[in-house]
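Residue strings, one per chain:
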Amino acid sequence: MTRLAMSLLAAVVVVLITACTPIPAEVEGFETRCIEMTTEEIPPHEDDPHDGFKRVYACDITLDQLVDGNGQTIRPFPDGTRIIKASRRPAESFNWLVASAQKVNGTWKWVEWTRNFPDEELLQIPASEQLCIDCHRQVESADWIFSGYVSR
Ligand code: HEC
């Protein structure tokens, strides 16, 4: 096998392995375990990378670490924070997409999982983190996170 063929094969294997990685147990259950930042679903909008109606959650962080006395979101988020975005498609009630940003040693790690049917496992999409980073850079000054805690 040529060197080129071998590196192509290696790239395909990486994509296949990533695409078969199910959502980890530590992420599942976010709807009950985490703090919901939204109070209403974010509707689909133009240039929407996470198509559908979305809710955003803050995980592995306390409410005191997330919101100050004036109801403002405290940024930067502490290390270990995981922000989850869950999206359901119009006319469906299950999450077809779950996106995660987890802060590890001061850097956000970006991952997304999807499925087409409610009885399917959510599997990681083989997209590069660079895609996420390039768009979230718009809110670099807000610690890369668009959403804030909506007071209730
Ligand atoms: C084209 C721009 C764009 C790309 C690409 C993008 N996002 Fe987002 N993302 C947004 C916007 C805008 C929001 C705010 C909520 C909304 O309007 O849907 C958001 C929200 C989020 C949130 C909730 C926290 C927040 O910032 O509000 C997470 C988590 C997230 N995205 C993860 C990802 C991951 C993982 C990827 C890559 C696989 C990704 N995003 C790619 C634009 C983008």
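Computed from a prediction, not measured in an experiment: that's the story for all the values here.

**Side note on the nonpolar core**
Here is step 1: Membership of the largest hydrophobic core comes to 22 residues, with the highest contact counts inside it found for Met37, Tyr57, Ala58, Ile83, Ile84, Val98 and Ile145.
Here is step 2: Contacts of alanine 58, omitting those with residues within four sequence positions, involve Cys34, Ile35, Met37, Leu66, Thr81 and Ile83.

**Topic: the site of the ligand**
Here is step 1: The immediate surroundings of the ligand are formed by 23 residues, with Ala99, Cys132, Cys135, Phe146 and Ser147 found nearest.
Here is step 2: Those elements giving two or more residues to the shell around the ligand turn out to be strand E2 (53-59), strand E3 (82-88), strand E4 (97-104), strand E5 (107-114) and helix H4 (129-136).
Here is step 3: Among the elements that make up the shell around the ligand, the one with the highest residue count is H4 (4 residues).
Here is step 4: A per-class count over the shell around the ligand returns 15 nonpolar, 4 polar and 4 charged.

**Some points on the environment of alanine 25**
Here is step 1: In this structure, alanine 25 sits in the loop between helix H1 (3-19) and helix H2 (30-33).
Here is step 2: Taking the C-alpha atoms as reference points, alanine 25 and threonine 73, separated by 48 residues in sequence, lie 27 Å from one another.

**A few points about unusual backbone geometry**
Here is step 1: Residue arginine 75 is joined to proline 76 through a cis peptide bond whose omega torsion reads 0 degrees.
Here is step 2: A positive phi angle, near 55 degrees, is found at aspartate 60, a position not held by glycine.
Here is step 3: You can see aspartate 60 is positioned in the loop between E2 and helix H3 (63-66).
Here is step 4: Note on aspartate 60: 18 C-beta atoms within 10 Å, which makes it partly exposed.
Here is step 5: Positioned with a positive phi, alanine 91 is a non-glycine residue whose angle comes to about 70 degrees.
Here is step 6: Judged by the 5 C-beta atoms lying within 10 Å of it, alanine 91 falls in the exposed class.

Rules used throughout
- Residues numbered from 1 in each chain as written.
- Predicted model: local features only at pLDDT ≥ 70, side-chain atom pairs only at ≥ 80, totals over all residues.
- Core = buried A, V, L, I, M, F, W, Y, C linked by C-beta atoms within 7 Å.
- Buried ≥ 20, exposed ≤ 12 C-beta atoms within 10 Å, placed from the backbone.
- Contact = placed C-beta atoms within 7 Å.
- Near = placed C-beta within 6 Å.
- Helix = DSSP H or I, 4+ residues; strand = E, 2+ residues; numbered from the N terminus.
- Nonpolar A, V, L, I, M, F, W, Y, C, P; charged D, E, K, R; others polar.

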